[in-house]
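Remarks on the overall topology
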Amino acid sequence: MSKSLLEQLREMTVVVADTGDLEAMEKFRPQDSTTNPSLIAAAAQMPHYQPIVDGVLKDARKELGDSADEKKVANLAFRRLAVAFGKKILEIVPGRVSTEVDARLSYDTEGSMKQAHEIIEQYASQGIGRERVLIKLASTWEGIRAAEQLEKEGIHCNMTLLFGIHQAVAAAEARVTLISPFVGRILDWYKKDTGKDYHGADDPGVKSVTTIYNYYKHFDYKTVIMGASFRNIGEIRELAGCDLLTISPQLLGELDSTQEDLPRKLDPNAAKSMNIEKIPMDHATFDKMHAEDRMAHDKLKEGIEGFSAALEKLEAFLAQRLTELEAVAAK
């Protein structure tokens, strides 16, 4: 019997689940899992995860005391919630979970580092070592600097909202553990900007990750690449052989139910023989390249704003739920 696309993909690429839904992880059994504020917000509002949410809210209230207002309790609860989901995730996946620093700290190096330490301490209090956690940070210059310092402390990082080669080079020079270039969001921007559709190897998101992969392997960077934000399985097929791919449950299902040949598209040995020019990177070069790359500039800004809005929505939901819980307890 022939193998599914998912089975073949797993032979050359580490498959990661891009979801906060624990049931989906149990179904597909990925090696690792990654979440973001939008996914955590969606999972938090699913009825079967209400006990997790309620437990986190009660603990946050206990920690801050009766005099703290709902907003403060909700803010602490949201920070604890990501770790609570992460702990559940690590009971399912054998590898690592990515937990994201507040997107509102994307341009604050010290603030990002402080929250990263809090996340690691929270996991440690649950008996989970830092080797099983990736701290997710936005790929701003400030976020990359935070990651560089955290890596020196043995805290591994995942650079998210990554759209341009300048972000990828800066992350590799900072010796971060992993980057997550956003394939689908790059495609979205080009479709809107040009009015054209793209398929297969012509997909701009596929091209971007292929360029980054070849650059990293050519120059022997240790940072690994995890393609993210896919719109269709065609994009995944074109990136077969990438170090890791984080895939939504819907697309994992499509891959699992499709039985066709899956040739390897990305190969470190092929990258070695390519003629690739080294890009010297410093803050001024980063800023210049970022300003010149309209797509990366637009999508980074949009991504930070979107994740920040998701956090505010989650905090409002948590504050409302806290009010409900305390009203019931007061009766």
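Here we summarise the structure given alongside this text.

Basis of the calculations
- All chains use their own residue numbering, which begins from 1 and follows the written sequence.
- Residue-level local features of this predicted model are given only where pLDDT is at least 70; pairs of side-chain atoms are given and counted only at 80 or more, and the full residue set underlies all totals for whole chains, interfaces and linings.
- Side-chain measures were taken over the full set of non-hydrogen atoms in the model, leaving aside hydrogen atoms and water.
- Secondary structure is summarised from DSSP: a helix means a run of H or I of at least four residues, a strand means a run of E of at least two, and numbering begins at the N terminus for each.
- Atoms counted for the radius of gyration: C-alpha only. Globule rule: 2.2 Å times the number of residues to the power 0.38.
- With a 1.4 Å probe rolled over the protein chains alone, any residue whose accessible area is under 20% of its type maximum counts as buried; one over 50% counts as exposed, and the rest are partly exposed.
- Residue contacts are counted whenever heavy atoms from the two residues lie within 4.5 Å of one another.
- Accessibility throughout is a Shrake-Rupley quantity obtained with a 1.4 Å probe, and a residue counts as covered only by protein chains that appear here.
- Working rule for helices: expected span equals 1.5 Å times residues minus one.
- Whenever two N or O atoms come within 3.5 Å, that pair is a polar contact, provided that in protein one can donate a hydrogen and the other can accept it, and provided that, for residues adjacent in sequence, both atoms are side-chain atoms.
- To obtain an axis, a line is fitted to C-alpha atoms, over the contacting stretch when the element is a helix, and the angle between two such axes runs from 0 to 180 degrees between their N-to-C directions.
- Each angle receives one of four descriptions, namely roughly parallel if under 35 degrees, roughly antiparallel if over 145, roughly perpendicular if within 65 to 115, and oblique otherwise.
- Under the grouping applied here, Gly and all other residues not named as nonpolar or charged are polar, the nonpolar ones being Ala, Val, Leu, Ile, Met, Phe, Trp, Tyr, Cys and Pro and the charged ones Asp, Glu, Lys and Arg.
- Only the six-membered ring of Trp is used, alongside the rings of Phe and Tyr, when aromatic pairs are assigned; centres must lie within 6.5 Å, and planes under 30 degrees apart are stacked while those over 60 apart are edge-to-face, with the rest tilted.
- Only when the NZ of Lys or the CZ of Arg is both within 6 Å of the ring centre and within 35 degrees of the ring normal is a charge said to sit over the ring.
- Any two strands with at least two DSSP-identified bridges between them are counted as paired.
- A right-handed crossover is one whose linking path, passing over the helix from the first strand to the second, runs clockwise when the strands point away from the viewer.
- Residue types Ala, Val, Leu, Ile, Met, Phe, Trp, Tyr and Cys, when buried and joined through side-chain atoms within 4.5 Å, form a set referred to as a nonpolar core.

1. So, the overall build of the chain
Within the chain, the regular secondary structure consists of 15 helices and eight strands. Computed over C-alpha atoms, the radius of gyration of the chain comes to 20 Å, within 12% of the 20 Å expected from 2.2 N^0.38 for 331 residues, which places it in the range of a compact globule. Along the three orthogonal principal directions, the C-alpha set of the chain runs to about 70 × 55 × 40 Å. The burial tally for the chain puts 55% of its 331 residues in the buried class. Considering only residue pairs separated by 6 or more positions, the chain has 69% of its internal contacts joining residues 24 or more positions apart. When the accessible surface of the chain is totalled, it reaches about 14,900 Å², and 49% of it is carbon and sulfur.

2. Focus on helix H6 (residues 109-125)
Look at H6: 24 Å from first C-alpha to last across 17 residues, which is about the 24 Å you get at 1.5 Å a residue. Among all positions of H6, only Thr 109, Gly 111, Ser 112, Met 113, Gln 115, Ala 116, Ile 119, Ile 120 and Tyr 123 are buried. For H6, the secondary structure elements touched by its buried residues are helix H5 (70-90), strand S3 (97-100), strand S4 (133-138) and helix H7 (141-152). Where H6 begins, one side-chain oxygen reaches toward the backbone nitrogen of Glu 110, 3.3 Å away; that side chain belongs to Asp 108. Positive backbone phi, approximately 80°, marks Gly 127, located one or two places after H6.

3. A few points about the packing of helix H4 (residues 50-64) against helix H15 (residues 294-330)
Interhelical geometry of H4 versus H15 gives an angle of 80° and a closest axis separation of 10 Å. By the criterion of interaxial angle, the relationship of H4 to H15 is roughly perpendicular. For the pair H4 and H15, contact is made by Gln 50, Val 53, Asp 54, Leu 57, Lys 58 and Arg 61 and by Phe 317, Leu 318, Arg 321, Leu 322, Leu 325 and Glu 326, respectively. Looking at side-chain class alone, the contact of H4 with H15 contains six nonpolar, one polar and five charged residues.

4. A few points about the packing of aromatic side chains
For any pair of aromatic rings, the description consists of the separation of the ring centres together with the inter-plane angle of the planes. All told, the structure shown has seven aromatic pairs when counted by the stated rule. With a centroid separation of 6.1 Å and 10° between ring planes, the pair formed by Tyr 215 and Tyr 221 is classed as stacked. As far as the burial class goes, Tyr 215 and Tyr 221 line up, both buried. Judged by centre distance (5.6 Å) and plane angle (55°), the ring pair of Tyr 216 and Tyr 221 falls under tilted. On the accessibility criterion, Tyr 216 (0% relative accessible area) is buried. Taken together, the ring pairs in this structure connect Tyr 215, Tyr 216, Phe 219 and Tyr 221 into an aromatic cluster. Sitting above the plane of the Trp 141 ring, Arg 145 keeps its charged end 4.3 Å from the centroid. The ring of Phe 219 has Lys 278 lying over it, and the distance from NZ or CZ to the ring centre is 5.2 Å.

5. Remarks on unusual backbone geometry
At Arg 175, a residue that is not glycine, the phi angle is positive and equals roughly 60°. Looking at the element boundaries, Arg 175 is found in the loop between helix H8 (165-173) and strand S6 (178-181). Even without a glycine there, the phi angle at Asp 220 is positive, about 60°. Assignment of secondary structure puts Asp 220 in the loop between helix H10 (204-218) and strand S7 (224-227).

6. What to know about the side chain of Ser 112
Relative to the helices and strands, Ser 112 is located in helix H6. Residue Ser 112 is classed as buried on the basis of its relative accessible area, which comes to 2%. When near neighbours in sequence (up to four residues on either side) are disregarded, Ser 112 contacts Val 101, Leu 105, Leu 137 and Ala 146.

7. Details of the pairing of strand S5 (residues 157-162)
Burial within S5 is extensive, with six of its six residues counted as buried. Pairing of S4 with S5, which is carried by four bridges, proceeds in the parallel orientation. Residue pairing across strands places Lys 136 opposite Asn 158, the latter belonging to S5. Note that the unit made of S4, H7 and S5 has a crossover that is right-handed. The pairing of S5 with S6 spans three bridges and is classified as parallel. Of the residues in S6, the one forming a bridge with Asn 158 is Leu 178.

8. Thoughts on the nonpolar core
Soluble globular proteins tend to pack their nonpolar side chains together in the buried interior. By size, the foremost hydrophobic cluster in this structure holds 105 residues, and its most contacted members are Leu 81, Ile 135, Ile 179, Tyr 216 and Ile 247. Residue contributions to this core peak at 11 residues, all from H15. Excluding residues that lie within four positions of it along the chain, Tyr 216 makes contacts with Ala 168, Val 169, Ala 171, Ala 172, Ile 179, Tyr 221, Thr 223 and Ile 225. Formed by five residues, the second largest nonpolar core is a distinct cluster that contains Val 16, Leu 134, Leu 178 and Met 226.

Read these as layout, nothing more, since geometry by itself doesn't imply function.
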